[in-house]
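Report on the structure
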Amino acid sequence: MLIGDVARRSGVSARMLRHYESLGLVRPTGRTHSGYREYSGEDIRRIFHIESLRSLGLSLRDVGRALDDPGFVPAELVDDLIRRTRDRIAAETELLTRLRRIGAAEPAGWEDVLQTVALLQALGSTDAWARQRAALSADEVPVPVEALVEAALNESDPNVAGALRWSLARSGEDGAALLAEGLGSPVGEVRRRAVQCLAELPARAATELLRGALTHPDPVVRGYAALALGARGDADAVPTLIDVIVGGGNDTDAADALGTLARDPVSAQRIATGLVDRLARATTGPSARRRLTQALADIPGTTAARALADLCHDADRAVALTATYLLGLRDARE
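The structure presented is a predicted model; accordingly, all values stated were derived computationally and were not measured. (Residues numbered from 1 in each chain as written. Predicted model: local features only at pLDDT ≥ 70, side-chain atom pairs only at ≥ 80, totals over all residues. Heavy atoms only, no water.)

1. Comments concerning the overall build of the protein chain
We apply this condition: Working definition: helices are DSSP H or I runs of at least four residues, strands are E runs of at least two. Numbering for both runs from the N terminus. Based on C-alpha atoms, the radius of gyration is set beside the globule rule, defined as 2.2 Å times the residue count to the power 0.38. Contact criterion: two residues are considered in contact whenever any of their non-hydrogen atoms come within 4.5 Å of each other. Charge assignment: positive for Lys and Arg, negative for Asp and Glu; neither His nor the chain ends contribute. A single reference atom marks each charge: NZ on Lys, CZ on Arg, CG on Asp, CD on Glu.
For the protein chain, the helix and strand inventory stands at 19 helices and 2 strands. A compact globule built from 334 residues would reach a C-alpha radius of gyration of about 20 Å, whereas the protein chain, at 34 Å, exceeds it by more than 25%. For the protein chain, the spread of C-alpha atoms along the three principal axes comes to 120 × 50 × 30 Å. Within the protein chain, contacts between residues separated by at least 24 positions form 52% of all contacts whose residues are at least 6 apart in sequence. One finds the centroid of the 41 positive side-chain charges in the protein chain at a distance of 4 Å from the centroid of its 46 negative side-chain charges.

Put into structure tokens, the structure is as follows:
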């Protein structure tokens, strides 16, 4: 079969067939009387083998090795191809994400495009100061909220994280749904950053997500959600805030939040009852009982006052001394 016929039937151009021949990948086994290349059935099968291997992403050099080297190990090359393909997909996905974000910024001209590209690159910089400047500049240069959320969920530097939360808070409600996805992350730090960002979003959607986070399986997420809701005057946070005090960690902030909520008489009664109930539980340890006693300090009403009076005679001397001191302060204020 002549080269033109082979090209038509195989889909490989005559030029590429000559290139294969120059590389020694396939050589026509015969020549016509006129000197034209003539391909045998075996030659054509080899051409199809070459094309099949090329379809997997092999270079022509690797194709030659695969066909001619008796010691060739396919598994090693396939593993390498898998790695290279994954790298290529990751690079292409990153490019696609960047293009989508630039498009979402709705640039009016190339100057806007270049500014957005520069800001996106700065958000991914290894220099914390560059990332912080970029976060603070997001108010001036259009940046898709998706990029800000991604940066915030991955930011470990506290100063940069604060700047990113500030930018997100100014970006409106769009970030709330994206941050909700962060609450479901398998990485604890990502979940914590997500709830901290939600805590600074003024949107109603953020408040609803924070309420939902009160039942999150991660106690850290529950705690941050409760603190944020307490600051917003949401009494739904009361039980979780008491849990935070029992667990320690952010107990001082939780007690302050309860004190703020207790300005409402109905909430004050609920809070005092909750604190007293936890104090009475046999499973509540000594340290937790001391923290709960301290939390009663800023809760107005007779229930809290009566509880402190009873605790002045507590078997735990530290609890008794704390209650006595706090009761004295209440009497002085009244």
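2. Overview of the nonpolar core
We count it as follows: Buried Ala, Val, Leu, Ile, Met, Phe, Trp, Tyr and Cys residues form a nonpolar core when they are joined through side-chain atoms within 4.5 Å. Buried, partly exposed and exposed residues are distinguished by accessible area as a fraction of the type maximum, computed with a 1.4 Å probe on protein chains only: under 20%, between the cut-offs, and over 50%, respectively.
Among the nonpolar cores identified, the biggest contains 70 residues, and Leu241, Leu258 and Leu275 are the most heavily contacted of them. Tallying contributions element by element places helix 8 (residues 145-154) first for this core, with 7 residues. In this view, Leu241 contacts Ala226, Leu227, Ala254, Ala257, Leu258 and Leu261; residues no more than four positions away in its chain are not counted. Among the nonpolar cores identified, the runner-up in size contains 17 residues, and Ile3, Leu17, Tyr20 and Leu25 belong to it.

3. Description of helix 18 (residues 302-311)
Short version of the rule: When we speak of the arc, we mean the arc of directions from the helix axis to the C-beta atoms.
Burial in helix 18 covers these residues: Thr303, Ala304, Ala307, Leu308 and Leu311. All buried residues of helix 18 fall inside an arc of 130 degrees around its axis, so they share one side. In helix 18, the exposed positions angled more than 90 degrees off the buried face are occupied by Thr302, Arg306 and Asp310.

4. Examining the environment of Asp79
With respect to the helices, strands and loops of the structure, Asp79 is situated in helix 5 (residues 74-104). Once the C-alpha coordinates of Asp79 and Asp310 are considered, the two residues, 231 residues apart in sequence, prove to be 72 Å apart.

5. A few points about the side chain of Thr284
Here is the rule: By the criterion applied in these results, polar contacts are pairs of N or O atoms within 3.5 Å in which, for protein atoms, one can donate a hydrogen and the other can accept it, and in which residues neighboring in sequence qualify only through two side-chain atoms.
Looking at the secondary structure, you find Thr284 in the loop between helix 16 (265-280) and helix 17 (286-295). On the basis of relative accessible area, Thr284 is assigned to the buried category, the value being 9%. Of note is the side chain of Thr284, whose polar atom sits 2.6 Å from the backbone oxygen of Arg278. Those residues within four positions of Thr284 in sequence are excluded, and the remaining contacts are Arg278, Arg289 and Leu292.

6. Thoughts on helix 11 (residues 188-200)
Convention followed: Any helix carries an expected span of 1.5 Å times its number of residues minus one.
Helix length check: helix 11 (13 residues) gives 19 Å between terminal C-alpha atoms against 18 Å at 1.5 Å per residue, within 8%. For helix 11, the complete set of buried residues consists of Val190, Arg191, Arg193, Ala194, Val195, Gln196, Cys197 and Leu198. At its buried positions, helix 11 is contacted by helix 8, helix 9 (158-169), helix 10 (174-183), helix 12 (204-213) and helix 13 (219-231).

7. Thoughts on the side chain of Asp43
Tracing the backbone shows Asp43 in helix 3 (residues 41-55). Non-local contacts of Asp43, meaning those with residues more than four positions away in its chain, are made with Val26, Arg27, Pro28, Thr29 and Glu38.

8. Some words on the packing of helix 8 against helix 10
The test is simple: Helix axes are fitted only over the stretch in contact, all axes being lines through C-alpha atoms; the angle between N-to-C directions runs from 0 to 180 degrees. Helix crossings fall into two classes, left-handed where the near helix is turned counterclockwise from the far one by less than a right angle and right-handed where it is turned clockwise. Under the grouping applied here, Gly and all other residues not named as nonpolar or charged are polar, the nonpolar ones being Ala, Val, Leu, Ile, Met, Phe, Trp, Tyr, Cys and Pro and the charged ones Asp, Glu, Lys and Arg.
Interhelical geometry of helix 8 versus helix 10 gives an angle of 35 degrees and a closest axis separation of 9 Å. When you trace helix 8 past helix 10, the crossing you get is right-handed. Contacts between helix 8 and helix 10 pair Val145, Glu146, Val149 and Leu153 from the former with Asp174, Gly175, Leu178, Leu179 and Gly182 from the latter. A per-class count over the contact of helix 8 with helix 10 returns 5 nonpolar, 2 polar and 2 charged.

9. Topic: the pattern of salt bridges
Any two side chains of opposite charge can pair if their charged atoms end up close together. As a reminder, the rule being used: Whenever a carboxyl oxygen of Asp or Glu lies within 4 Å of a side-chain nitrogen of Lys or Arg, that contact is scored as a salt bridge.
For the coordinates displayed, the defined rule picks out 21 salt bridges. Arg191 serves as the salt-bridge partner of Asp218, at 2.9 Å between the closest nitrogen and oxygen. Of the two residues, Asp218 is situated in the loop between helix 12 and helix 13 and Arg191 in helix 11; the sequence distance between them amounts to 27 residues. Here Arg191 falls in the buried class, since its relative accessible area comes to 16%. Put simply, Asp234 and Arg211 hold a salt bridge, and the shortest N to O gap is 2.6 Å. Of this pair, Asp234 sits in the loop between helix 13 and helix 14 (238-247) while Arg211 sits in helix 12, and the two are 23 residues apart along the sequence. Judged by its relative accessible area of 9%, Asp234 falls in the buried class.

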